[in-house]
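Geometric and topological summary
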Amino acid sequence: MVVVAAAGLLVSMGFGVVALRTVAATDQSRSDQTTLLGTEASAQNARDLTEIPSAFLDFGDDTRGRDQQGTLIAYDWTNREGVLVSSSPGSSKVEWPESRTVKSSAPFRIRVGPSEPPLLLELRFFRGGVDANGVPVRAPEYLACLETPDRKTAPCTWSEQDGSTIQVFARLPAYDEPMAMILVAQWHPQPAQTRYGSPPTPPPMVSWGFLVDPG
Amino acid sequence: MEARKAFVLVLTILTIIAGTTMPAASSGGERASRVDAVEAPATATLRSMSGTRVAASLLEPLVFQYGCYGQTDRPHLSSHVPGTVNVVARTVCPGESVYVQTSLYRDRWYGPQFLDSGSNSGFGSTSTNAAWNCSGSGTYTYRAYSYHEATVSGWAYTSNSARLTC
């Protein structure tokens, strides 16, 4: 396997290295835009978005069927063809799902899939919810998630289920006003997609938004 | 002949010592590697290149060449170009063709914001940088992720971060 990979590298070295600097971005240049890099960018758009994993929030068996699907807040995603699709909040309103009434400190689960195991999973809680533009009104409280099947190990844990779904377990903080929550996931680029001669692309990243209120 | 045996013995001992001093991220199994990746090392020994999935590759035995490593420096304010945050990453592997790619991010409320990336290749060692004009943008946490590869010895990921006021 190593010999094959090394041979592939030696062949691909002939194509040289191309540095893509056009994605260097400010908030303005990325505002409300889906930035595509690659040779078949626009035609790939619809399929690219379907490849981005979805995230569903639920609060246990008694609320099954009432899962809240997280809205895509931001993403850098490279599809199978190597085309990069990026989006981040800009000047227009950020879309959030319809708020759900959930008691304070309730345990919850977020299912992400289909997905390879991520290398970073992080929850961000924004007390006070979001403003009229959909932007959180306060700074977040961060909660890093650790990979372990034992939910008692850490305040936020995750594990792989069925080889294609990631389950994240955590508990809402105590709260008495609307609260926004974001799950941030980041993956390393696949080794097969990172080769001599390949332009550098950002590691895949997706963040999903959820809204809850204490009622 | 005796001198050659002695040389081989010394080389073997050095290899064993190198193996026992490897970073945890490179010596553990799948879970250890993923947990470490949350705070990926700034320096890492290169891994075997076999496998197509990151997760699968991390489970396989490591094949590395003594002296081969990847490294991401801490993002910093450039002294050469004021108002610019800059990060440098390198891949070192004597006697092999090497490649490095780094991506610079700024942490925002919605997650990491991609700013810039750079890549380079060479023989024996190579380095690259990613930079972004940050003047007047305030205080943020900047993080860089790098991918390192050598033709025979394998690959590694590293990262580093710093909170900077620009």
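Position numbers for residues start from 1 in each chain and track the written sequence from start to end. Whichever chain is written first is A, and whichever ligand is written first is 1; the rest continue in order. Per-residue local features of the predicted model are confined to residues with pLDDT of at least 70, and side-chain atom pairs are confined, for both listing and counting, to 80 or more; whole-chain, interface and lining totals are unaffected and use all residues. Computation of side-chain values: all heavy atoms of the structure, hydrogens and water removed.

**What about the state of the cysteines?**
We call a pair of cysteine sulfur atoms a disulfide whenever their separation is within 2.5 Å. Inspection of every chain in the model, using the stated rule, returns three disulfides over all chains. Across the disulfide from Cys145(A) sits Cys156(A); the S-S distance is 2.0 Å. Handedness of the Cys145(A)-Cys156(A) disulfide follows from its S-S torsion of about 75 degrees: it is right-handed. Linking Cys145(A) in the loop between β9 (141–144) and β10 (146–147) with Cys156(A) in the loop between β10 and β11 (157–161), this pair joins segments that are eleven residues apart in sequence. Each member of the pair, Cys145(A) as well as Cys156(A), is classed as buried. Each sulfur of the disulfide joining Cys68(B) and Cys93(B) lies 2.0 Å from the other. Where Cys68(B) bonds to Cys93(B) through sulfur, the torsion about that S-S bond is close to 60 degrees, and the disulfide is right-handed. Within this pair, whereas Cys68(B) is found in the loop between α4 (54–59) and β2 (69–72), its partner Cys93(B) is found in strand β4 (residues 84–108), the two being separated by 25 residues in sequence. Think of it in three bands: with a 1.4 Å probe and only protein chains considered, a residue is buried below 20% of the maximum accessible area for its type, exposed above 50%, and partly exposed in between. Relative accessible area serves as the criterion here: at 0%, Cys93(B) is assigned to the buried category. Each helix is a run of DSSP H or I of at least 4 residues and each strand a run of E of at least 2, with the numbering of both proceeding from the N terminus.

**Quick word on unusual backbone geometry**
Residue and element names in this part refer to chain A. In the segment running from Gly 113 into Pro 114, the intervening peptide bond is cis, with an omega of -5 degrees. In this structure, Pro 114 sits in the loop between β7 (107–113) and β8 (120–127). Here the phi dihedral of Ser 105 falls at roughly 65 degrees; this positive angle occurs in a residue that is not glycine. Note on placement: Ser 105 falls in the loop between β6 (100–101) and β7. Judged by relative accessible area, Ser 105 falls into the partly exposed class, the value being 28%.

**Some words on the packing of aromatic side chains**
Aromatic pairs are defined between Phe, Tyr and Trp rings, using the six-membered ring for Trp, whenever the two ring centres lie within 6.5 Å; interplanar angles under 30 degrees are classed as stacked, those over 60 as edge-to-face, and all others as tilted. Evaluation of the coordinates by the stated rule reveals ten aromatic pairs over all chains. Pairwise contacts between aromatic rings join Trp96(A), Phe126(A), Trp109(B) and Tyr110(B) into one cluster. The rule for a charge over a ring is simple: NZ of Lys or CZ of Arg within 6 Å of the ring centre, and within 35 degrees of the ring normal. Sitting above the plane of the Phe169(A) ring, Arg151(A) keeps its charged end 3.7 Å from the centroid. Here Arg106(B) stacks its cationic end above the ring of Tyr140(B), 4.3 Å away from the centre of that ring.

**A word on the sheet that holds β11(A)**
All names here are of chain A. Two strands pair under a simple rule: DSSP has to find at least two bridges between them. The strand order across the open sheet built from six strands is β3-β2-β7-β12-β11-β10, with neighbouring strands paired in mixed fashion. The open sheet has two edge strands with one neighbour each: β3 (68–69) and β10. With two bridges joining them, strand β2 (residues 54–58) and β3 adopt antiparallel strand pairing. Across the sheet, Phe 56 pairs through a bridge with Gln 69, a residue of β3.

**Thoughts on the side chain of Thr157(A)**
Residue and element names in this part refer to chain A. Relative to the elements of secondary structure, Thr 157 occurs in strand β11. Look at Thr 157 and you get buried, because its relative accessible area is 1%. Apart from residues lying up to four places away in sequence, Thr 157 is in contact with Leu 146, Thr 148, Asp 150, Arg 151, Gln 167, Val 168 and Phe 169. Should any heavy atoms of two residues lie within 4.5 Å, those residues are counted as being in contact.

**What about the pairing of strand β14 (residues 205–213) of chain A?**
Residue and element names in this part refer to chain A. Burial runs high along β14: nine of the nine residues are buried. Burial of β14 is two-sided: the residues Met 205, Ser 207, Gly 209, Leu 211 and Asp 213 facing one way and the residues Val 206, Trp 208, Phe 210 and Val 212 facing the other way are all buried. With five bridges joining them, strand β4 (residues 71–78) and β14 adopt antiparallel strand pairing. Paired with Ala 74 across the strands is Ser 207, a residue of β14. Summarising the sheet, β6 and β14 pair through two bridges and their orientation is parallel. By the bridge assignment, Arg 100 is partnered in β14 with Val 212. Note that strand β13 (residues 179–186) and β14 share eight bridges and pair antiparallel. The residue of β14 that forms the bridge with Ala 180 is Leu 211.

**Section: the pattern of salt bridges**
Residues and elements named next belong to chain A. In what follows, salt bridge is the name for a side-chain nitrogen of Lys or Arg lying within 4 Å of a carboxyl oxygen of Asp or Glu. With the rule as written, the count across this model stands at eight salt bridges over all chains. In this structure, Glu 122 engages Arg 124 in a salt bridge whose closest nitrogen and oxygen atoms are separated by 2.8 Å. Exposure class is identical for Glu 122 and Arg 124. Each is buried. When the shortest N-O distance is used, the salt bridge between Glu 177 and Arg 138 registers 2.6 Å. Note that Glu 177 is positioned in the loop between β12 (165–171) and β13 and Arg 138 in the loop between β8 and β9, a separation of 39 residues in sequence. Glu 177 gets classed as partly exposed once you look at its relative accessible area, which sits at 25%.

**Comments concerning the nonpolar core**
Residue and element names in this part refer to chain A. Only buried residues count toward a nonpolar core. Its members are Ala, Val, Leu, Ile, Met, Phe, Trp, Tyr and Cys residues joined through side-chain atoms within 4.5 Å. Ranked by internal contacts, the top residues of the largest apolar core, which has 33 residues, are Phe 108, Ile 110, Leu 123 and Leu 172. Of all elements in the fold, only β2, β4, β7, β8, β12, β13 and β14 reach the threshold of two or more residues within this core. The next biggest cluster of nonpolar side chains, apart from the first, holds twelve residues, and it includes Phe 126, Ala 180, Val 184 and Met 205.

**Topic: the confidence of the model for chain A**
Residues and elements named next belong to chain A. Confidence of the predictor at the level of single residues is given by pLDDT, which spans 0 to 100. The pLDDT averaged across chain A works out to 75; a share of 68% of its residues lies at or above 70. Per-residue pLDDT, averaged within each element of chain A, yields its smallest value for helix α2 (residues 27–30) (30) and its largest for β13 (97). Counting interchain partners and residues more than four positions distant, the pLDDT-below-50 stretch residues 1–48 has 102 contacts.

**Re the confidence of the model for chain B**
Residue and element names in this part refer to chain B. Of the residues in chain B, 64% have a pLDDT of 70 or more, and the chain-wide mean is 72. Contacts for the low-pLDDT stretch residues 1–39, under 50 throughout, to residues beyond four places or in other chains number 40 contacts. Low pLDDT, under 50, characterises residues 49–63; the predicted model gives this stretch 47 contacts beyond four residues in sequence or across chains. This prediction of the complex comes with two scores: 0.67 for pTM and 0.72 for ipTM.

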